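Residues per chain are reported as follows:
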Amino acid sequence: MCGIIGYIGSKDAVPILAQGLKNLEYRGYDSAGIVTIYKGKLATAKCKGRIADLKSLLKKKVLRGNVGLGHTRWATHGVPSVVNAHPHLDCSGKISVVHNGIIENFQDLKENLKKQGCKIKSQTDTEVAAHLISKLYKGNLEAAVRGAVKKIKGSFALGVISSDEPGKIVAARRDSPLVVGLGSGENFIASDVAAILNYTKQVIYLEDNQMAVITKDSVNMLDMRGNKVNKDINTISYRQEDVQKRGFSHFMAKEIHEQPQVLSRIISCCVSRQNTIRFKDFNLDSSFLKKVENIIIIACGTAYHAGLVGKYIMESFLRIPTSVDYGSEFRYRKPVIRKNSLVIAISQSGETADTLAGVREAKKSKVRVLSICNVLGSSLTRESDSVIYTHAGPEISVASTKAYTAQIMTLYFLGLYLANLRNSLSKSYINGAIASLKKVPTKQREILQNSSAIKAIAKKHLHFGAFLYLGRNINFPTALEGALKLKEISYIPAEGYAAGEMKHGPIALIDEYRAVVCIANNSFVFDKMVSNIQETLARKGKIIAIATQGNKQLREYLKEIIFIPPIEEEFSPLLTIIPLQLLAYYIAVLKGYDVDKPRNLAKSVTVE
Ligand code: G6P
């Protein structure tokens, strides 16, 4: 989704802003722009398309100045176009605004502003903010921004500059992430630390209804009444090279291949030398955890699929009912939340608007919220009672891969930890489970080494018009996730289904033009999957099977089989998804698509 960077210092602002926007490309966008202040005047350069297009424009239209804002826009109100791209200006051309989020009452504000003589040029909700600030401006930019945000309904991360006060940037946040980056003789604002990692690792996270006023030498953090607030300075632990491709053609490929390393990191964080499970800074007390009667998992997208695996884990390890909801459904469906419920919110970014809204809905019932999250200091982590970090490192590719297996691995450890506390599993089962999980990274590596065979299968199937993914039991979510990966990046219609439901609908789709991916690893449901395979073959469907090494039976009637190392059924989702991620990746690459930045999608969906 939209990205923001702001710079104030002594250096030329444009290269810094352009680099920041480049680092934000992964979030998904369709237009971009920059504004600077030079010799007391604002100058803007905006374009539709990519940062490369903006850079070409900046060669023709040279912008100077040591203070400025940059923005990548992901269209919500109004088509992608130069006029709708940010930064937006007020009528006097003295105030400029970049904005992430949605101003919900923009129509009312717009009508009012028009009555007051404002000429509104774009179809965006953001432009009204520039005019509103301008109308309230009486020589103090922060007071004008404060006045404007009082009138704004909806979500925002705002960056504002004025040519009348060229030595400052004013930033404000409500429900959309924003950080201040601290430098020496220079300071930054950004919607995401990735934008400023080249320049600083010292950041301050704004919370909802907070503002920042930054100059080149100072940072003032304020509440919306203008009172100073004290904030901690955080040091970002990852490096700039973590957000680079390191020899891979795409971030998605790099992130798929990073999974063994990520899972090893989780194992060393969660398992002590004495082989007990622990979580850093986990602060839900044992007496409460022993009393929990049901678990409610809230998530969106890929994290929702990890949550579905979590349901199988929690119900089988703890024998307590577990429900899984999309944040977007949970927030509106008047859920029944009992007293001794534990809510688990899963999110890579920690900024997904619907997941956050689901958590807020749950908190109205005074239940405790544990988040499983990848991004330190994100909104979700701040709003939860406790957090378990997934340690996956920055995930840049829009299609989530390493965050998914990291979330599942974390759920296994959480399930085992709770089972130990509640005595719902024997010590020997728990020890055996830990031993099995420790072997997963090596087994994932084995699958990854077989990438070329998966690429060959991708080549043979990329022209199929539709894919059906079938899985059973704990690999039903794997089927959903496999289908999601394919449709996200290759735009081929793909559906995931519980194989047992095949006869209740999807079987009608099967013919020789349909590829059917069957997750048929060794398990107690293997024979059931074989029946689904037979039914598909009888209707000429083209099967790609995921099977366990050593399986000879499937060889008798299937040509395309991707083998995975043997693993207990309950831990198999950590392996079965790897070939499906690779299959989707290769199909998209071979079709010539921009895998890391699929059309219409955003990495972090910070609006509803
Ligand atoms: C977007 C991303 C998905 C992600 C989902 C949830 O749709 O494109 O990859 O799974 O949001 O994101 P979260 O950050 O909450 O895990």
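For the structure, check the block above.
So, how was this worked out
Residues numbered from 1 in each chain as written. Predicted model: local features only at pLDDT ≥ 70, side-chain atom pairs only at ≥ 80, totals over all residues. Heavy atoms only, no water. Phe/Tyr/Trp six-rings, centres within 6.5 Å; stacked < 30°, edge-to-face > 60°. Buried < 20%, exposed > 50% of the residue type's maximum accessible area, 1.4 Å probe, protein only. Lys NZ or Arg CZ within 6 Å of the ring centre and 35° of its normal. Near = heavy atom within 4 Å. Polar contact = N/O pair within 3.5 Å; in protein donor to acceptor, adjacent residues only side chain to side chain. Areas by Shrake-Rupley, 256 points an atom, 1.4 Å probe, with all protein chains shown as cover. Helix = DSSP H or I, 4+ residues; strand = E, 2+ residues; numbered from the N terminus. Core = buried A, V, L, I, M, F, W, Y, C linked by side-chain atoms within 4.5 Å. Domains from an automatic or database assignment. Contact = heavy atoms within 4.5 Å.

A word on the packing of aromatic side chains
Move 1: For the structure shown, the criterion picks out 12 aromatic pairs.
Move 2: Summarising the aromatic geometry, the rings of Phe-464 and Phe-467 are spaced 6.5 Å apart at their centres and angled 75° between planes, so their arrangement reads as edge-to-face. Assigned by exposure class, Phe-464 and Phe-467 land together as buried.
Move 3: The residue whose ring lies beneath Arg-50 is Tyr-29, and the NZ or CZ to ring-centre distance is 4.8 Å.
Move 4: Over the ring of Phe-288 we find Arg-368; its NZ or CZ atom is 4.0 Å from the centre of that ring.

Let's talk about the site of the ligand
Move 1: Taken together, 13 residues form the shell around the ligand, and within it Ser-347, Gln-348, Ser-349, Thr-352 and Ala-602 come nearest.
Move 2: With respect to the ligand, the backbone of Gln-348 contributes an N or O atom lying 2.7 Å from an oxygen atom.
Move 3: Coverage of the ligand by the protein amounts to 91% of the 380 Å² it exposes when considered alone.
Move 4: Sorting elements by how many residues they give to the shell around the ligand places helix α9 (residues 301-318) first, with 3 residues.

Details of the nonpolar core
Move 1: Membership of the largest hydrophobic core comes to 95 residues, with the highest contact counts inside it found for Tyr-412, Phe-413, Leu-414, Phe-467 and Tyr-469.
Move 2: Each of domain 2 (244-441) and domain 3 (451-590) accounts for three or more of the residues forming this core.
Move 3: For Phe-413, the residues in contact, after removing those within four places along its chain, are Ile-266, Ile-267, Cys-270, Val-271, Ile-277, Phe-279 and Leu-437.

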